[in-house]
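In case you want the letters, here they are:
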Amino acid sequence: MADGTADLRRVEDFRLAAEQSLSDTARWYYGLGDGDNQTLTDNCDSFKRYRVLTRVLRDVTTVDTTVTVLGIKLDFPVAISPTAHHKMAHPDGELATARAAAASHTGMVLSPFANHSLEDVAAAAPDGTLWLSLVLFKNPERNKQLLQRAERAGFRAVFLTVDQPRFEYLKRPQWNRDKNKSTTFHSCPNVMFPDTPPYGSAEYRSHLYAALKQPMTWDDVTWVKKNTKLPVVLKGILSAEDAKEAVRRGVDAILVSNHGGRQLDGVPATIDVLPDIVSAVCGKAEVYLDGGVRTGTDV
């Protein structure tokens, strides 16, 4: 293709292309992990420690890559995990991401820190498969509002983030000190309420951190299950013990995730803990993975 998009096949291809177009702040925000980036790096390196064991002399004339996720058939086993602030990469932000996912017949998890309302994203991809990533507020009415809005907008599941007990970085990256970041970051309407200070103001961050429920507990998982008709997925499980507790709490699926290495540096790579978690749930919940996936071979 004339615009060069035909050469964009691997995640690394997109990363290199983004290096040429994104602002410094956007590159830092999208690309950095927490602490010394140990987990971020290991997420990718860990896949290189595994090998593909082939079976030969099979008829592969017809290949079926479809997969069923929470009862929904997707064309291939790759979906879009929740990430914030898509408008830093494109003016259409999450609207464009949702349209792309729908065109590819796969799913997208919308971050609570998206730059478009969940209703607008749903309207942009009416035939798409959308799931809502959820963080909880101390005020349960706000949580109920978000869950009800997701149901009305046609979202198909709730991904509850459980691996972020505090909403601060252990080691603040450069983008967090950028004096001009208010011109790069955009408002997050899904976490804006009538009493929220203007986005980008000095009061906004402290108000948001004070309003969010920190930390969450297993009782919050039970509360979410009781207050939504949608399937509930726990995002951020890394241990077999927590996976078993999730099953006991009645969750529908687990997303094995370490927040892309952006929350707590030093935790294991997701691919390394995946087998233990799959074994722990004994088929009683679906299991997905994010973090470190870069090529078709990784999938």
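Scroll up to find the structure this text is about.
Residues numbered from 1 in each chain as written. Predicted model: local features only at pLDDT ≥ 70, side-chain atom pairs only at ≥ 80, totals over all residues. Heavy atoms only, no water.

Q: Before we go on, may I ask you to explain the environment of Leu118 in this structure?
A: Residue position: Leu118 is located in helix α5 (residues 118-124). When the C-alpha atoms of Leu118 and Gln164 are compared, they prove to be 22 Å apart, with 46 residues separating the residues in sequence. Contacts of Leu118, omitting those with residues within four sequence positions, involve Leu110, Leu132, Arg149, Ala150, Ala153, Phe155 and Asn190. (Helix = DSSP H or I, 4+ residues; strand = E, 2+ residues; numbered from the N terminus. Contact = heavy atoms within 4.5 Å.)

Q: Please explain the pattern of salt bridges as it appears in this structure.
A: Opposite charge on two side chains permits pairing when their charged atoms draw close. Applying the stated rule across the entire model yields 17 salt bridges. One salt bridge in this structure joins Asp45 and Lys48, with 4.0 Å as the shortest N-O distance. When the shortest N-O distance is used, the salt bridge between Arg248 and Glu245 registers 2.7 Å. Here Glu245 and Arg248 lie together in helix α9 (residues 240-248), a separation of three residues that amounts to about one turn. Several salt bridges converge on common partners, so that one network encompasses Glu12, Arg15, Glu19, Asp24 and Arg27. (Salt bridge = Lys/Arg side-chain N within 4 Å of Asp/Glu carboxyl O.)

Q: Just to check I follow, could you spell out helix α10 (residues 270-281) for this structure?
A: Note on helix geometry: an α-helix contains 3.6 residues per turn, so any two residues three or four positions apart are oriented the same way. Here α10 is twelve residues long and its end C-alpha atoms lie 16 Å apart, about the 16 Å a rise of 1.5 Å per residue gives. For α10, the full list of buried residues reads Thr270, Ile271, Val273, Ile277, Ala280 and Val281. Projected down its long axis, α10 shows its buried positions confined to an angular sector of 150 degrees, all on one face. Exposed residues on α10 whose side chains face more than 90 degrees from its buried face are Asp276 and Ser279. Phi turns positive, to about 55 degrees, at Cys282, one or two residues after α10. (Expected span 1.5 Å × (residues − 1). Buried < 20%, exposed > 50% of the residue type's maximum accessible area, 1.4 Å probe, protein only. Arc of directions from axis to C-beta.)

Q: What's the story with the packing of α9 against α10 in this structure? I'm lost.
A: Between two packed helices, the angle of one axis relative to the other and the distance separating the axes together describe the packing. Running from N to C, α9 and α10 cross one another at 30 degrees; their axes reach a closest spacing of 8 Å. Where α9 crosses over α10, the handedness of that crossing is right-handed. Touching Ala240, Ala243, Lys244 and Val247 of α9 are Asp276, Ile277, Ala280 and Val281, all from α10. Class assignment for the residues of the contact of α9 with α10 results in six nonpolar, no polar and two charged. (Axes fitted to C-alpha atoms, helices over the stretch in contact; angles between N-to-C directions. Left-handed = near helix turned anticlockwise from the far one by under 90°. Nonpolar A, V, L, I, M, F, W, Y, C, P; charged D, E, K, R; others polar.)

Q: Sorry if this is basic, but what is going on with the pairing of strand β7 (residues 253-256) here?
A: The two faces of a sheet get side chains in turn, since along a regular strand they alternate between them. Alternating residues of β7 divide into Ala253 and Leu255 and Ile254 and Val256, and every residue in both groups is buried. Taking the sense of rotation as the criterion, the β-α-β connection linking strand β6 (residues 232-237), α9 and β7 turns out right-handed. Sheet topology places β7 next to strand β8 (residues 286-289); four bridges connect them, and they run parallel. Bridge pairing in β8 links Val256 to Leu289. You can see the chain leave β7, run along α10 and come back into β8, and the turn it takes is right-handed. (Right-handed = clockwise from strand over helix to strand, strands pointing away. Pairing = 2+ DSSP bridges.)

Q: Would you explain the nonpolar core in this entry?
A: Within soluble globular proteins, side chains that are nonpolar tend to cluster in buried spots. The biggest cluster of nonpolar side chains holds 52 residues, and the ones touching the most others in it are Leu110, Leu134, Phe137, Phe155, Leu234 and Ile254. Dropping the residues within four chain positions of it, Leu134 is found in contact with Leu146, Leu147, Val158, Phe159, Leu160, Thr161 and Val224. Core analysis: the next-biggest nonpolar cluster, separate from the first, contains twelve residues, Leu70, Val233, Leu255 and Tyr288 among them. (Core = buried A, V, L, I, M, F, W, Y, C linked by side-chain atoms within 4.5 Å.)

Function-wise, these values are silent; they only describe arrangement.
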